[in-house]
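Structural overview
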Amino acid sequence: MKNRTLLFLALTFVLAAPVAAQTGTLEKIRKQGAITMGYVEGSSPFSFTDAGKQPQGYSVDLCREIASSIGAQLGLKSLKTRWVALTIQNRLEAVKSGRVDIECSTTTWTLSRQADVDFSLITFVDGGSILTRVESEAGRLSDFGGKRFVVIATATTEKALKENLERRSIKAEVVTVKTREAGLQLLDSRKVDGFASDRIVLIGVVLTSKTRGAFKLLDEDFSIEPYALALPRGDFEYRLAVNRALARLYRTGEIQSIYDRWLGKLGPPSVLLSASYFIQGLAE
């Protein structure tokens, strides 16, 4: 009787295993026939809305590729994509709470954030820099002693900038705003001397500005910003499905067409980004 009981329990465990593999985010997506994707507006060229109010950008296209891959993996004839507009301040909470299944914008992967959410493979590598006005004589961070900076509240560049200022004994005031557009407006109106954010995002903000010729970027970066897509924490099957799609793009070189579409006019991928694509092109 004891042996029969053990055999029954073993069979129960084996038969239940495939069911367990189908739980979590992938099972929710399969049941609903839809995946919910979050994006931050105003983060061109990574995520923004076009004239038709549709999400566009480098990170958005990566998420579309991921949705297609997951639909095929689940054997779905069609998979709906639901887009949810988020802010820089609530994007991670939206993933943590389950409001969205993935966040597609310019989120930097940090260890402190990984306590709340998981992350995909790295999708882009950027650096924190300073945007200032063309007439400014500042060429390096050390030239901003006694000046005012504006940064986006809760962004990783806020912490990195303050740490750099303290470490290098540069006394400067740091004010925060909620959006990149608000930061550019303060710089344009000469209420601050520098706007600190990710270099590529600053370029994107300037390119969409009516006064684009009034600004310049410092040559110096004060931080490194590895972007990744935020995912629900602890759902390893879902994270694997996301990474499988990204690795295929990197491995086959298909990522180049997505890069060219949104970032090509800024030049080819940096050596660091190219290395990131190459290293993460994992085999099946």
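In what follows, the accompanying structure is described.

Criteria and thresholds
Residues numbered from 1 in each chain as written. Predicted model: local features only at pLDDT ≥ 70, side-chain atom pairs only at ≥ 80, totals over all residues. Heavy atoms only, no water. Helix = DSSP H or I, 4+ residues; strand = E, 2+ residues; numbered from the N terminus. Buried < 20%, exposed > 50% of the residue type's maximum accessible area, 1.4 Å probe, protein only. Contact = heavy atoms within 4.5 Å. Disulfide = S-S within 2.5 Å. Arc of directions from axis to C-beta. 1 Å grid on protein atoms, 1.4 Å probe; cavity = no way out; pocket = protein on both sides within 12 Å on 5 of 7 lines; lining within 4 Å. Points joined across faces, edges and corners; volume = space filled by probe spheres on them. Nonpolar A, V, L, I, M, F, W, Y, C, P; charged D, E, K, R; others polar. Salt bridge = Lys/Arg side-chain N within 4 Å of Asp/Glu carboxyl O. Phe/Tyr/Trp six-rings, centres within 6.5 Å; stacked < 30°, edge-to-face > 60°.

**Topic: the environment of Leu131**
Within the fold, Leu131 resides in strand β6 (residues 118–133). On the basis of relative accessibility, which here comes to 3%, the residue Leu131 falls in the buried class. As a C-alpha pair, Leu131 and Ile203 span 72 residues in sequence and 8.8 Å in three-dimensional space. Not counting residues up to four positions away in its chain, the partners in contact with Leu131 are Leu184, Leu187, Asp193, Gly194, Phe195, Leu202, Val206, Phe215, Lys216 and Leu217.

**Considering the environment of Arg199**
Within the fold, Arg199 resides in helix α7 (residues 199–207). In this structure the C-alpha to C-alpha distance between Arg199 and Ser129, which are 70 residues apart in sequence, comes to 5.3 Å.

**Observations concerning the state of the cysteines**
Within the structure shown, the criterion is met by one disulfide. At a sulfur-sulfur separation of 2.0 Å, the disulfide partner of Cys63 is Cys104. Here the disulfide of Cys63 and Cys104 is left-handed, its torsion about the S-S bond being about -105°. On the criterion of sequence distance, the pair formed by Cys63 in helix α3 (residues 58–73) and Cys104 in the loop between β5 (102–103) and β6 is long-range, its members being 41 residues apart. Each member of the pair, Cys63 together with Cys104, is buried.

**A look at helix α9 (residues 255–263)**
Taken as a whole, α9 has its buried residues at Ile255, Ile258, Tyr259, Trp262 and Leu263. Down the axis of α9, the buried set is contained in an arc of 100°. They therefore lie on one face.

**A few points about unusual backbone geometry**
Omega for the bond connecting Ser44 with Pro45 falls within 30 degrees of zero, at 5°, which places this linkage in the cis form. In the Ramachandran plot, Thr154 falls in the positive-phi region, its phi being about 75° despite a non-glycine side chain. Positionally, Thr154 belongs in the loop between β7 (148–152) and α5 (156–167). With phi around 55°, Ser169 is a residue other than glycine that occupies positive phi space.

**Quick look at empty space enclosed by the protein**
Taken as a whole, this structure holds one cavity of 30 Å³ or more when the rule is applied. Around the largest cavity sit Ile88, Arg91, Thr106, Thr108, Arg113, Ala155, Thr156, Thr157, Arg180, Ser197 and Asp198, which together line it. Of all elements in the fold, only α5 and β9 (194–198) reach the threshold of two or more residues within the lining of the largest cavity. Classifying every residue of the lining of the largest cavity gives two nonpolar, five polar and four charged.

**A look at the layout of surface pockets**
Taken as a whole, the largest pocket spans an internal volume of roughly 270 Å³. Taken together, the elements giving at least two residues each to the lining of the largest pocket come down to β6, α7, β11 (223–231) and α10 (271–279). Counting residues per element, the lining of the largest pocket draws most heavily on β6, at four residues. Counted as a void, the second largest pocket has a volume near 210 Å³. Looking at the lining of the second largest pocket, the elements with two or more residues in it are α5 and β11.

**Quick notes on helix α6 (residues 180–188)**
For the α-helix, the turn length of 3.6 residues means that residues three or four positions removed from each other point alike. Looking only at α6, the buried set comprises Arg180, Gly183, Leu184 and Leu187. For α6, the arc enclosing every buried residue in end-on projection is 95°, short of the 170-degree limit, so these residues lie on one face. Elements that come into contact with the buried residues of α6 comprise β6, β7, β8 (173–177), β9, α7 and β10 (215–217). With its phi angle positive at about 65°, Arg190 sits one or two positions after the end of α6.

**Concerning the pattern of salt bridges**
Inspection of the entire model under this criterion finds 17 salt bridges. Note that Asp61 and Arg64 form a salt bridge whose closest N and O atoms lie 3.3 Å from each other. Highlighted residues: Asp61 and Arg64, both in helix α3, separated by three residues, approximately one helical turn. Looking at Arg64, the relative accessible area reads 31%, which means it is partly exposed. Between Lys96 and Asp116 there is a salt bridge whose closest N-O contact spans 3.3 Å. Residue Lys96 is found in helix α4 (residues 91–96), and its partner Asp116 is found in the loop between β5 and β6; the two are separated by 20 residues along the sequence. On the basis of relative accessible area, Asp116 is assigned to the partly exposed category, the value being 37%.

**A short note on the packing of aromatic side chains**
One pass over the full model with this rule turns up 10 aromatic pairs. Seen from their ring centres, Tyr250 and Tyr277 are 5.2 Å apart, and the 35° between their planes marks the pair as tilted. Separated by 27 residues along the polypeptide, Tyr250 in helix α8 (residues 236–252) and Tyr277 in helix α10 bring together distant segments of the chain. Tyr277 carries the same exposure label as Tyr250, and that label is buried. Through a chain of ring-to-ring contacts, three or more aromatic side chains come together here, namely Phe46, Tyr58, Phe124 and Tyr227.

Just geometry here; none of it tells us what the structure is for.
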